Amino acid sequence: MVSDASGSARPSLRVPRKVAAASLVGTTIEWFDFFIYGTAAALVFNKVFFPSVSPAIGTIAALGTFATGFIARPIGGAVFAHFGDRVGRKPMLVYSLLLMGAATVGIGLLPGYATIGVLAPVLLVVLRFAQGFGVGGEWGGAALMAVENAPDHRRGFYGSWPQVGVPLGLVLGTGSFLVLDLAVSEASFQAWGWRIPFLASAVLILVGLWIRLTVAESPVFRRDQERREASRMPVLQVLREHPKLILLAAGSFVATNATFYISSVWLVSYATTELGYGRSEVLGANTVLSAADIPMILLLGLLSDRVGRRPLFLGGMGLLAVFSIPYFLLVGTGVIGLFILGGLVVQACRSAVYGPQSAYFAELFPTHLRYSGASLAYQIASIIGGVSPAVCGLLVLWTGSLLAVAGFTVLLALVSLASSWAMSETLTRGLDSVDGPPRGVPAQA
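Every value quoted in this text rests on a predicted model; they were computed, and no experiment measured them.

> Looking at this structure, how should I read helix α15 (residues 336–364)?
Given 3.6 residues per turn, any residue in an α-helix points the same way as the ones three and four places further on. For α15, with 29 residues, the first-to-last C-alpha span of 41 Å sits near the 42 Å given by 1.5 Å per residue. Along α15, the largest kink reaches about 55° and is centred on Q357. Of all 29 residues that make up α15, 21 are buried, and the element is covered over most of its length.

As structure tokens, then:
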């Protein structure tokens, strides 16, 4: 404790800041690993692992393997959540880092189709599944560690720090491919250049692991352990007791998640092959856009501590529904300035959800089920996000028009808007207030 100017005691912010920083570093590393796969899938995997089919089908197949990671995410989220609610938040973060690092380095070392034939894409899918399994447990642990260590009046702000790991990971991932694209020839990039970011992640994993091991367990979780026995099957219990809440939370996030992958994965491929943008041009634009996303997430997380979580969710998804068609019209011009302008507006819509999301989802569920409830909601939404790049490829293949993708985005935004409307505000809710009495103790009348 420290004292303010009036002499009254107030909690020290040293621990919340340290935990937020550790969560940020860990999520940045995880998402760097996860995103370099998406960039490689859009740019090179069709030629390395699917050379026996046409380029268009090869790209769809490569993006299909990208979606495998999202199918694995709810499974990983459920497994990590089970132990996260029973054993603790911190150990699950360490294990998720190790799994993600091993899978990512494995992809960097994987021989291509020309060397081992059909075994190459099979192993690629297995390693991508392992990536998804690891990142499925990452978000819930990182978000809860930050939120459960934060002061009550700053949960939105501190909870936004692990969220920043997503755009920061994308900046590092996209930026690494941009540097390689500028530094090596096309032949070298296809042969070995794309592997460098995957192999480099081994160093980042060691740094993140060291930081994670120096952070103490969540005090909110420790208090809850002292007052009640851990649920035997927290995932099943939260599904039984809070199914509507999980579905609404997932629905509120689905458009944010899907449009992120549409713009950062599918659009990289489509813009460079069909719209006349240069590869370095698009990679550079996405790097700039991701960097701009960082202050947006932090500011909107902070704003949610003043105005509430729900108004930002509603405002962001309402604007996304209105702006989706103009966005794709701007992208379709082939002018990089308009590409960036449209991207900034869409990112502001997403950040209105992503900034306060950690705090909002944490505040929805009781402590002994919080990892399970928040993770399931997040990862269920991620399934649609993961298949969205492949869906967009099929929509354009069938219709030949970007407006089909715009219509798909509008539909997703309306789903998230309706889900957010059906949710309640949680700003003034204490994290312990939804826990109820210890097991076996009746609630007071």
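Now that the structure is up, let's keep going.
> Looking at this structure, how should I read the nonpolar core?
In a soluble, globular protein the nonpolar side chains are often hidden away together inside. Ranked by size, the top nonpolar core spans 106 residues in total, and within it F45, W194, W266 and F361 carry the most contacts. With 17 residues, helix α12 (residues 243–273) is the largest single contributor of residues to this core. Apart from the residues within four sequence positions on either side, W194 is in contact with V44, F45, V48, F49, I107, F177 and F189.

> Which parts of the structure should I look at to understand the pattern of salt bridges?
Pairing is possible between side chains that carry opposite charge, provided their charged atoms lie close to one another. Inspection of the entire model under this criterion finds 7 salt bridges. E148 is paired through a salt bridge with R370; the nearest N and O atoms lie 3.0 Å apart. Residue E148 is found in helix α6 (residues 119–148), and its partner R370 is found in helix α16 (residues 367–399); the two are separated by 222 residues along the sequence. The burial state of E148 is the same as that of R370; both residues are buried. Taking the shortest distance from any N to any O, the salt bridge between R155 and E363 comes out at 2.9 Å. Of the two residues, R155 sits in helix α7 (residues 155–183) while E363 sits in helix α15, which places them 208 residues apart along the sequence. In this structure, R155 and E363 share a single accessibility class: buried. Overlapping salt bridges bring together D152, R155, D305, R309 and E363 as one network.

The rules behind each value
Residues numbered from 1 in each chain as written. Predicted model: local features only at pLDDT ≥ 70, side-chain atom pairs only at ≥ 80, totals over all residues. Heavy atoms only, no water. Helix = DSSP H or I, 4+ residues; strand = E, 2+ residues; numbered from the N terminus. Expected span 1.5 Å × (residues − 1). Bend = angle between axes of the 7 residues up to and from the residue. Buried < 20%, exposed > 50% of the residue type's maximum accessible area, 1.4 Å probe, protein only. Core = buried A, V, L, I, M, F, W, Y, C linked by side-chain atoms within 4.5 Å. Contact = heavy atoms within 4.5 Å. Salt bridge = Lys/Arg side-chain N within 4 Å of Asp/Glu carboxyl O.

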